[in-house]
Amino acid sequence: MRVHAKRAGVLLGGLMAPALSTADWTLNMSPGVTGTSNDIFSLHMTILWICVVIGAGVFGVMFWSIFAHRKSSGRKPANFHENTLVEILWTIIPLVILVVMAIPATATLVDMYDTSEADVDIKVTGYQWRWKYDYIDDDFGYFSNISTSDDEIYNRTDKSENYLLDVDNPMVVPVGAKVRLLVTANDVIHSWWVPAFGVKKDAIPGFVNETWTRVDEPGIYRGQCTELCGVKHGFMPVVVKAVPQDEYDDWVAEQKEAAQRERELTEKDWTLEELMVRGEKAYASACAACHQADGSGAPPAFPALKGSQIALEDMDAHLDVVVNGVSGTAMQAFGGQLSEVDLAAVITYERNAWGNDTGEMVTPKEVFEYKNQE
Amino acid sequence: MSAVADTHAQDDHHHGPAKGITRWLLTTNHKDIGSMYLIFSFTMFLLGGAMAMVIRAELFQPGLQIVEPEFFNQMTTMHGLIMVFGAVMPAFVGLANWMIPLMVGAPDMALPRMNNWSFWLLPCAFLILVSTLFMQGGAPNFGWTFYAPLSTTYGPPSTTFFIFAVHIMGVSSIMGAINVIATILNMRAPGMTLMKMPLFVWTWLITAFLLIAVMPVLAGVVTMMLMDINFGTSFFDASGGGDPVLFQHVFWFFGHPEVYIMILPAFGAVSHIIPAFSRKPLFGYASMVYAVGAIALLSFVVWAHHMFTVGIPIAGQLFFMYATMLIAVPTGVKVFNWVATMFRGSLTFEAPMLFAVAFVILFTIGGFSGLMLAIAPADFQYHDTYFVVAHFHYVLVPGAIFGIFASAYFWLPKWTGHMYDETLAKTHFWLSFVGMNLAFFPMHFLGLAGMPRRIPDYALQFADFNMVSSIGAFMFGATQILFLVIVVKCVRGGEKAPANPWDGAEGLEWTVPSPAPYHTFSTPPEVK
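Residues numbered from 1 in each chain as written. Chains lettered and ligands numbered in written order. Predicted model: local features only at pLDDT ≥ 70, side-chain atom pairs only at ≥ 80, totals over all residues.

K.L.:
Is there a simple way to explain the overall build of chain B in this structure?
P.N.:
Summing up its helical and strand segments, chain B has 16 helices and zero strands in all. Since a compact globule built from 528 residues should have a radius of gyration of about 24 Å, the 23 Å found for chain B is in line with a globular shape. Principal-axis analysis of the C-alpha atoms gives chain B an extent of 65 × 55 × 45 Å. Across the 528 residues in chain B, those meeting the buried criterion constitute 63%. Counted over contacts in chain B with a minimum sequence separation of 6, partners at least 24 positions apart contribute 82%. (Helix = DSSP H or I, 4+ residues; strand = E, 2+ residues; numbered from the N terminus. Rg over C-alpha atoms; globule rule 2.2 N^0.38 Å. Buried ≥ 20, exposed ≤ 12 C-beta atoms within 10 Å, placed from the backbone. Contact = placed C-beta atoms within 7 Å.)

What follows is the structure, given as structure tokens:
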């Protein structure tokens, strides 16, 4: 097969050269780095070998008939068409094999469902099209967006090693600790999967699913959303960084401090320029996936913001759309997703970028008051 | 009473097919309607196949080259819907129309006018469905399983048209199923008891009951979507107190029996073809019938195996895992019986037999991966990856579609009165066989290596196998044009076919001349 693909590559004028250099021919599942993933791997191998053995038997008899019982070799057909004993045997034997197989499968499943006595709790929320990780014991959380550039996706530049599997802020977990994941979604159904952990759980709006993992080896582990969730379903990777406990503790302390600083920013007096700078970043992370970096949107599902009525006229209407979303459409309520500072920055940015130039701004304090007057 | 009989007697003198377009629009003849179903199905097969070619072309290399993700999602959705509802199901209804009356010795289907209507609804439904591609916001883009709320709150405006199309298809299928049941239960030739019925008739009888049981469930779930989208209800909207998981339960209560609807008639057809070319009676007729019955019953209690990752309680998880594994037993019985039929036969390998043997081998491979998927803990790794795509394409392409090709070649001489071109047909088989395996086998590897399904672009480690798979898919797709050539050639002429062109074939359909006259079995034959 390798030769085959190489030939095809040559035929295509070496179009594939960049891809082939990093690609591989993995045939099987990998055992992974958790107890669960190892259990799954051994179940997988057991059932695979059972299938191979049964297949070899059945196809063996069939191929024997195909080669030996041909009309062209002068065979006269036999006339048997029943044999009760044989028929009972080939009903009972598969049944026994299945029972034998069901026992370890049941044990693994029971273990996978035991989410008790976790050391760390992380809430995983799926959004179109990014993940949010909330460390609920430590009161901080953040979004995790794909960091592969459009230039790579549209073949304008070479693809990096972790093409489509890189994010700005990975989830961080301590090695050796039992991490409980509370998985939910904000809009449509997503599914959070890290193959190396053997963990896949659907993230469903209105439900909180529980699962857990204990990572044995430090490292960076990658996966993807596995439930079709809209246009960018293929572009919402999962990246988890497993670090030693002390490194994890330092990281948590840092995050808590940063969260505190963020909260204090609401009280600060902001200028238009400062909000624009912050707004550009917040817009890129929260809004650009649908409304596009240049505000042109993708009508009719995602309206343009450039020159739009909402962004140019009444400020309260603009606040309402961003904070509360628009029910019945894909526009989410960002009030609970973004800090007051980011809300203020995004709205200010949208009113002044791409030639919208209203010169108007809204401060984090005003956003705070708007949210609390409701 | 006598007046009616007289008129009819007079009609008999010029009772051939009508001329021109009215023959096809107004026909109540099971053979004409069967042919129209088959032609419609093949048209849809080419259309759905063209969409698959778009998908495979985009996946030929990493990166986005040919289509945008939005259009890619429309292609995967429409490919699935068209193949399931437009290609596979109508093909089997077409075979049923042609063959069931001939096999049970009946002059026509029991309800001929309804038969006409149930066919003509289909082109209307698909016209609506395909027209969504040209609507603002594009065609449905949420996968053929249309999970809410992606298909409701977040669906494109064309979703309502999609719902209407599904309703019409459902009406058509239900009427077709009623017709099959009425024909089989009421119009069998004297002496043909239930346990003497040909297996194709048996499998279709059971399929028709499945259709009547689950098509209304599909209609129900799309109606709930319709209400959510247009009338402000919240069946599936969590923010209104609804339940997105409810959608999946209802959908798969339809969806799982649906996959058996697409395979059981193929089981039946293959159970005629293998004995015919082995020149030996089918091994274990009775256990074949019971196995199909068991599969049909079990198909109602396994739906949640499509939902192992949605977070159902462990007791439910275990129940659905055990029930699903149990399906392997009757399915195994069928495979063993087919092999035992071939064993010590006197085998020849004309095109129908080649397709039938490939059916048994490759469907079994699809069954093995199905058994692997049934193991709930392992399913957490397989679910929604290319392993699943490989699995269901192995049961549907060499399963349902090879079953249909095998049937078509087996009965073409009866339909047209000519033998098809055996060399071309064998070429069609071998190219399809190689192309199909090249396209779908590497998908197992991709899934196990971690490639999710329904993505327009993929990480670099998946590049090689995707390219192989695309090459196989192009090969398989291009080969199907050959089938069109073979059939057209066979309709237009060729070696005259005798009433029974196959040494070992048995059944009433081979007692009438080839081509089968416009009206057959005006007096019922006697079955001993």
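K.L.:
Please explain the nonpolar core as it appears in this structure.
P.N.:
Core analysis: the largest hydrophobic core is formed by 273 residues, its most contacted members being A:Val346, B:Val88, B:Val270, B:Phe355, B:Phe359 and B:Ala406. Ranked by residues supplied to this core, first place goes to helix 4 (residues 69–104) of chain B with 22 residues. When residues no more than four places from it in sequence are discounted, the contact partners of B:Val270 are B:Trp338, B:Ala356, B:Phe359, B:Val360, B:Gly403 and B:Ala406. (Core = buried A, V, L, I, M, F, W, Y, C linked by C-beta atoms within 7 Å.)

K.L.:
Teacher, can you tell me more about the domain arrangement of chain B here?
P.N.:
Many descriptions give the size of an interface as the accessible area lost when the pieces come together. All names here are of chain B. Taken domain by domain, chain B holds domain 1 (27–258) and domain 2 (263–519). Using C-alpha coordinates to define each centre, domain 1 is positioned 19 Å away from domain 2. The interface is formed by 47 residues belonging to domain 1 together with 49 residues belonging to domain 2. The set of elements that each furnish at least two residues to the side of domain 1 that touches domain 2 consists of helix 3 (30–58), helix 4, helix 7 (199–230) and helix 8 (244–261). Tallying contributions element by element places helix 4 first for the side of domain 1 that touches domain 2, with eleven residues. Tallied by class, the residues present in the side of domain 1 that touches domain 2 amount to 32 nonpolar, twelve polar and three charged. (Domains from an automatic or database assignment. Nonpolar A, V, L, I, M, F, W, Y, C, P; charged D, E, K, R; others polar.)

K.L.:
I'm lost on the pairing of strand 1 (residues 120–127) of chain A in this one. Help?
P.N.:
Within a regular strand, the side chains alternate between the two sheet faces. All names here are of chain A. Judged from the seven bridges that link them, strand 1 and strand 5 (residues 179–185) form a sheet pairing that is parallel. Within strand 5, the position partnered with Lys-123 by the bridge is Leu-182. Pairing between strand 1 and strand 2 (residues 130–135): six bridges, direction antiparallel. Pairing of Val-124 across the sheet is with Tyr-133, part of strand 2. Following strand 1, the chain reverses through two residues before pairing antiparallel with strand 2. (Pairing = 2+ DSSP bridges.)

K.L.:
Would you explain the packing of helix 3 of chain B against helix 5 (residues 112–131) of chain B in this entry?
P.N.:
All names here are of chain B. Running from amino to carboxyl end, helix 3 crosses helix 5 at an angle of 15 degrees, the nearest separation of the two axes being 10 Å. Relative to helix 5, helix 3 is oriented roughly parallel. For the pair helix 3 and helix 5, the sense of crossing is left-handed. Here helix 3 contributes His-30, Ile-33, Met-36, Tyr-37, Phe-40 and Met-44 to the contact with helix 5, which in turn contributes Asn-115, Asn-116, Phe-119, Leu-122, Pro-123 and Phe-126. (Axes fitted to C-alpha atoms, helices over the stretch in contact; angles between N-to-C directions. Parallel < 35°, antiparallel > 145°, perpendicular 65-115°, else oblique. Left-handed = near helix turned anticlockwise from the far one by under 90°.)

K.L.:
Looking at this structure, how should I read the sheet that holds strand 10 (residues 237–243) of chain A?
P.N.:
Strand-to-strand pairing in sheets goes through backbone hydrogen bonds, with the strands running parallel or antiparallel. Residue and element names in this part refer to chain A. Here we have three strands laid out as an open sheet, ordered 4-10-9, and mixed in their pairing. Looking at strand neighbours, the two that pair on one side only are strand 4 (171–174) and strand 9 (219–224), the edges of this open sheet. Across the sheet, the axes of successive neighbouring strands diverge by a mean angle of 25 degrees, strand direction being ignored. Pairing of strand 4 with strand 10, which is carried by four bridges, proceeds in the parallel orientation. Of the residues in strand 10, the one forming a bridge with Met-171 is Val-240. Packed onto the sheet, helix 6 (residues 245–265) meets strand 4 and strand 10 and runs at close to 135 degrees relative to strand 4.

K.L.:
Explain helix 7 (residues 272–286) of chain A to me, please; I cannot follow it from the model alone.
P.N.:
The α-helix winds at 3.6 residues per turn, so residues separated by three or four positions along the chain end up facing the same way. Taking 1.5 Å as the rise per residue, helix 7 of chain A with 15 residues should run 21 Å; its terminal C-alpha atoms sit 20 Å apart, in good agreement. For helix 7 of chain A, the set of buried residues is A:Leu275, A:Arg278, A:Gly279, A:Ala282, A:Tyr283 and A:Ala286. (Expected span 1.5 Å × (residues − 1).)

K.L.:
What should I look at first to understand the confidence of the model for chain A in this one?
P.N.:
Low-pLDDT stretches of the model should not have their predicted coordinates read in fine detail. Taken as a whole, chain A shows an average pLDDT of 87; of its residues, 93% reach a score of 70 or greater. Counted against residues more than four places away or in other chains, residues 1–22 of chain A, with its pLDDT under 50, gives 24 contacts. (pLDDT = per-residue confidence, 0-100.)

K.L.:
Sorry if this is basic, but what is going on with the sheet that holds strand 8 (residues 209–213) of chain A here?
P.N.:
All names here are of chain A. The sheet built from five strands is open, its strands ordered 3-2-1-5-8 with mixed pairing. Looking at which strands have only one partner, the edges of the open sheet turn out to be strand 3 (140–144) and strand 8. Between one strand axis and the next, the sheet turns through 25 degrees on average, direction left out of account.

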